Amino acid sequence: MKRQKYSYFFSAISAVAFFGLLWIPVSGMVLPGGTSGVDIGEKRDLEKFPELSWEGVADWPEKFEGFFDDNFGFRKHFLRSNSVIRHLILRAPTDRVVFGKDGWLFFNLEAVVNQYRGVNKFLESDLDRFIRRFRERDRYLGKQGVKFLYVSVPNKATVYPEYLPNWVQKIGPNHLDQIESYISENGTPFPFLDLRHDLIVEKNRGILYGKTDTHWNRFGAYFGYRSIVERLRFWFPELHPIEEDEIDFVPDRNAEGRDLAGLLGVPDLLREPYFYRVQMKRGSRVADVKAWRGGREIDPK
């Protein structure tokens, strides 16, 4: 009898706890802090409460479901906890982000890693179509008196393959390798600049891509800019790149995590050690340049 009494008691407690958990998302929509307070790095607009009208009454339940999915109480707290457990504790990858060595992250939503590995290749017909398209574009622009330069900027995996996980290995030539091979065999079909080689050489000077970012940082962007300007000087010899000694690259070793940390939902917990702020040194050629924004002249900051 006593055991049955305890059984009823625990069943009642379990039922109350279960229904209480079900009501947490709803109650959080009206309680202070239930729908805000945590940044999980979502780069999109959340669904708004749908208007109810006779014309759209049939679609209203589906629209409301989308609104509720984006705005139920404590949603950000739940997602944040999930991100911390999955990505910081268990180090579980996603379909968008690959965990590399030493805390490096790599973008993978558009099969970027497979592009580096050479899984996706140009068919011969695809390569011919690519070459023909840009050759025609170069000719068309040339008739208008416009110079055309195709610049290929490598992704982070190409410049820093040593930080990729061990399972990521090249299995053959990728798209850029195929284009480079075509050029070496047939000559340059149109003005083409592949920044891979320059950046791989310059990476010995410092880290050129963010550890938690898809993109190059300002230090890497400078070397890309310099290579582009040097190439343009074939046509415009009066151009001269800003020299490195005219710029101060000021490191911020504890910046908030960049876009890949945001995709994992933890941009404030994964810090970016290779973020640089740029300052022009006094006396440099561009120190007194004025910037134009919105039709008015302002001093650059």
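Whatever comes next refers back to the structure up there.
Residues numbered from 1 in each chain as written. Predicted model: local features only at pLDDT ≥ 70, side-chain atom pairs only at ≥ 80, totals over all residues. Heavy atoms only, no water.

Caption draft 1: Summary view of the overall build of the protein chain. The secondary structure content of the protein chain amounts to 10 helices and 8 strands. Across the protein chain, the fraction of contacts at a sequence separation of at least 24, relative to all contacts at a separation of at least 6, is 66%. Carbon and sulfur atoms form 55% of the exposed surface of the protein chain, whose accessible area is close to 19,500 Å². (Helix = DSSP H or I, 4+ residues; strand = E, 2+ residues; numbered from the N terminus. Contact = heavy atoms within 4.5 Å. Areas by Shrake-Rupley, 256 points an atom, 1.4 Å probe, with all protein chains shown as cover.)

Caption draft 2: Summary view of the nonpolar core. If you look at the biggest cluster of nonpolar residues, it comprises 24 residues, and the most contacted ones within it are Y160, L199 and L208. Residue assignment for this core shows that the elements contributing at least two residues are α4 (112-117), α6 (156-159), α9 (218-232) and β5 (247-252). The element best represented in this core is α9, accounting for 3 residues. In this view, Y160 contacts W104, F106, K203, G206, I207, L208 and Y209; residues no more than four positions away in its chain are not counted. (Core = buried A, V, L, I, M, F, W, Y, C linked by side-chain atoms within 4.5 Å. Buried < 20%, exposed > 50% of the residue type's maximum accessible area, 1.4 Å probe, protein only.)

Caption draft 3: Representation of the layout of surface pockets in the model. Looking at the largest pocket, its volume works out to about 580 Å³. Those elements giving two or more residues to the lining of the largest pocket turn out to be β2 (105-107), α4, β3 (150-152), α6 and α7 (175-186). Take the lining of the largest pocket: its biggest share by element is 4 residues, from α4. The residue inventory of the lining of the largest pocket, partitioned by class, reads 18 nonpolar, 9 polar and 4 charged. (1 Å grid on protein atoms, 1.4 Å probe; cavity = no way out; pocket = protein on both sides within 12 Å on 5 of 7 lines; lining within 4 Å. Points joined across faces, edges and corners; volume = space filled by probe spheres on them. Nonpolar A, V, L, I, M, F, W, Y, C, P; charged D, E, K, R; others polar.)

Caption draft 4: Main features of a nonpolar patch on the surface. Together, I85, L88, I89, L90 and L269 make up a nonpolar patch on the protein surface, roughly 470 Å² of accessible area in all. Locating L90 in the fold gives a position in the loop between α3 (75-89) and β1 (97-99). Residue classification places L90 among the exposed residues on the basis of a relative accessible area of 59%. (Patch = residues over 30% accessible without salt bridge, like charges linked within 9 Å, V, L, I, M, F, W, Y side chains within 5 Å. Salt bridge = Lys/Arg side-chain N within 4 Å of Asp/Glu carboxyl O.)

Caption draft 5: Local environment of the packing of helix α5 (residues 124-143) against α7. As a packed pair, α5 and α7 sit with axes 11 Å apart at the nearest point and diverge in direction by 70 degrees. By the angle class used here, α5 and α7 are roughly perpendicular. α5 and α7 meet at a crossing whose hand is right-handed. Together, L127, F130, I131 and R135 of α5 and Q178, I179 and Y182 of α7 make up the contact between the two elements. (Axes fitted to C-alpha atoms, helices over the stretch in contact; angles between N-to-C directions. Parallel < 35°, antiparallel > 145°, perpendicular 65-115°, else oblique. Left-handed = near helix turned anticlockwise from the far one by under 90°.)

Caption draft 6: Focus on the packing of aromatic side chains. A complete count under the given rule lists 23 aromatic pairs for this structure. Through a chain of ring-to-ring contacts, three or more aromatic side chains come together here, namely F122, F130, F134, F148, Y150, F190 and F192. Above the ring of F106, the side-chain terminus of K156 is found at 5.0 Å from the ring centroid. Over the ring of Y116 we find K170, and its NZ or CZ is 5.7 Å from the ring centre. (Phe/Tyr/Trp six-rings, centres within 6.5 Å; stacked < 30°, edge-to-face > 60°. Lys NZ or Arg CZ within 6 Å of the ring centre and 35° of its normal.)

Caption draft 7: Layout of the pattern of salt bridges. Scanning all chains against the criterion turns up 11 salt bridges. The closest approach of N and O atoms between E180 and R196, which form a salt bridge, is 3.5 Å. On the criterion of sequence distance, the pair formed by E180 in helix α7 and R196 in helix α8 (residues 196-202) is long-range, its members being 16 residues apart. The exposure class assigned to E180 is partly exposed, which follows from its relative accessible area of 35%. Residue R196 is classed as buried on the basis of its relative accessible area, which comes to 6%. Note that E230 and R233 form a salt bridge whose closest N and O atoms lie 3.7 Å from each other. Residues joined in a network through salt bridges with shared partners are K170, D177, E180, D194 and R196.

Caption draft 8: Spatial organisation of α5. The terminal C-alpha atoms of α5, which comprises 20 residues, lie 29 Å apart, in line with the 28 Å expected from a rise of 1.5 Å per residue. Among the residues of α5, L127, F130, I131, F134 and D138 are the ones counted as buried. Taken down its axis, α5 places every buried residue within 90 degrees of arc, on the same side. Turned more than 90 degrees away from the buried face of α5 sit R139, Y140 and K143, all of them exposed. Packing partners of the buried residues in α5 comprise β3 and α7. Just past α5, the residue G145 takes up positive phi, approximately 80 degrees. (Expected span 1.5 Å × (residues − 1). Arc of directions from axis to C-beta.)

Caption draft 9: Molecular detail of the side chain of Q178. As for its placement among the helices and strands, Q178 is situated in helix α7. A relative accessible area of 15% means that Q178 is categorised as buried. Of note is the side chain of Q178, whose polar atom sits 2.8 Å from the backbone nitrogen of F122. (Polar contact = N/O pair within 3.5 Å; in protein donor to acceptor, adjacent residues only side chain to side chain.)

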